[in-house]
Amino acid sequence: MKKLELKFENEEGKTTTISLDQPVEPVDESVVSAAMDTIIAENAIFSSGGDLIAKKSARVVERNVEEIDIGV
């Protein structure tokens with residue numbers, strides 16, 4: 001399963017991550033950047049470390065899990 005992770009800096013200087021399941025691919029970098037700008041400008045997300053003040057990064061993460069039969 002893939003996730004789009006948006007990483008922001010908050011007022012305390014800590015990183016706040018927003019994860020979105022099943023991003024549209026291919027990911028449009030300009031759309032992601034503009035969405036992050038809007039999130040900051042509208043103060044749309046609550047962070048325990050204060051308001052989000054800057055974009056840090058964005059990435060698509062894929063996690064693969066394979067069960068191992070251990071005979072239990």
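This structure is a prediction, so every number in the text was calculated from the model and none was measured.

1. What about the overall build of the chain?
Each helix and strand in the chain was counted, giving one helix and three strands. Secondary structure elements of the chain occur, N-terminal to C-terminal, as β-β-α-β. C-alpha extents for the chain along the principal axes are approximately 55 × 30 × 15 Å. For the chain, the residues scored as buried account for 21% of the 72 residues in total. Within the chain, counting contacts between residues at least 6 apart in sequence, those at least 24 apart form 57% of the total. Summing over all exposed atoms, the chain offers an accessible surface of approximately 5500 Å²; the carbon and sulfur share of this is 49%. Averaging the positions of the 8 positive and the 15 negative side-chain charges in the chain gives two centres separated by 4 Å.

2. A short note on the sheet that holds strand β3 (residues 52-62)
In spatial order, the strands read β2-β1-β3; together these three strands make up an open sheet with antiparallel pairing. The sheet is open, and its two borders are formed by β2 (15-21) and β3, each paired with just one other strand. Strand-to-strand twist in this sheet, taken as the mean axis angle between neighbours without regard to direction, amounts to 20°. Pairing of strand β1 (residues 2-10) with β3 involves nine bridges; the strand directions are antiparallel. From the neighbouring strand, L4 faces β3, where its bridge partner is V60.

3. Remarks on a nonpolar patch on the surface
The grouping of I68, I70 and V72 at the surface amounts to a nonpolar patch, some 430 Å² of accessible area in total. With respect to the secondary-structure elements, V72 resides in the segment after β3.

4. Description of the environment of S19
Here S19 is to be found in strand β2. Between the alpha carbons of S19 and V61 there is a distance of 9.5 Å; along the sequence they are 42 residues apart. Setting aside its immediate chain neighbours within four residues, S19 contacts K3, L4 and E5.

5. Comments concerning the layout of surface pockets
Quantified by volume, the largest pocket comes out at close to 170 Å³. Lining the largest pocket we find 15 residues, and of these L4, L6, L20, V32 and A35 sit closest to its centre. Secondary structure elements with two or more residues in the lining of the largest pocket: β1, β2 and α1 (29-41). In terms of residues, the lining of the largest pocket owes the most to one element, α1, which gives five residues. Residues that form the lining of the largest pocket fall into these classes: 14 nonpolar, no polar and one charged.

Conventions adopted
- As a convention, each chain's residues are numbered from 1 in the sequence order in which they are written.
- Local features in this predicted model are restricted to residues whose pLDDT is 70 or higher, and side-chain atom pairs enter the listing and the counts only when it is 80 or higher, whereas totals over whole chains, interfaces and linings include all residues.
- Side-chain metrics rest on all non-hydrogen atoms present in the structure, leaving aside hydrogens and water.
- Every helix listed is a DSSP run of H or I at least four residues long, and every strand listed is a run of E at least two residues long, numbered separately from the N terminus.
- Residue exposure (1.4 Å probe, protein chains only): buried if accessible area is under 20% of the type maximum, exposed if over 50%, otherwise partly exposed.
- Residues are treated as being in contact if the distance between any of their heavy atoms lies within 4.5 Å.
- Here the open area of atoms and residues is found with the Shrake-Rupley method and a 1.4 Å probe, where only the protein chains shown may cover a residue.
- In this tally Asp and Glu are treated as negative and Lys and Arg as positive; neither His nor the chain ends contributes.
- Lysine's charge is taken at NZ, arginine's at CZ, aspartate's at CG and glutamate's at CD.
- Any two strands with at least two DSSP-identified bridges between them are counted as paired.
- Here an angle of 0 to 180 degrees is reported between the N-to-C directions of two axes, which are lines fitted to C-alpha atoms, with helices fitted over the stretch in contact.
- Patch definition: residues with relative accessible area over 30% and no salt bridge; like charges joined within 9 Å; nonpolar side chains (Val, Leu, Ile, Met, Phe, Trp, Tyr) joined within 5 Å.
- Within this document, salt bridges are pairs made up of a side-chain nitrogen of Lys or Arg and a carboxyl oxygen of Asp or Glu, the two lying within 4 Å of each other.
- Only protein atoms enter the calculation, which uses a 1 Å grid: trapped sets of points that fit a 1.4 Å probe without letting it out are cavities, open sets showing protein on both sides within 12 Å along at least five of seven lines are pockets, and any residue with an atom within 4 Å of a point is a lining residue.
- Grid points are joined across faces, edges and corners, and a volume is the space filled by probe spheres set on the points.
- Residues are grouped as follows: Ala, Val, Leu, Ile, Met, Phe, Trp, Tyr, Cys and Pro are nonpolar; Asp, Glu, Lys and Arg are charged; every other residue, Gly included, is polar.

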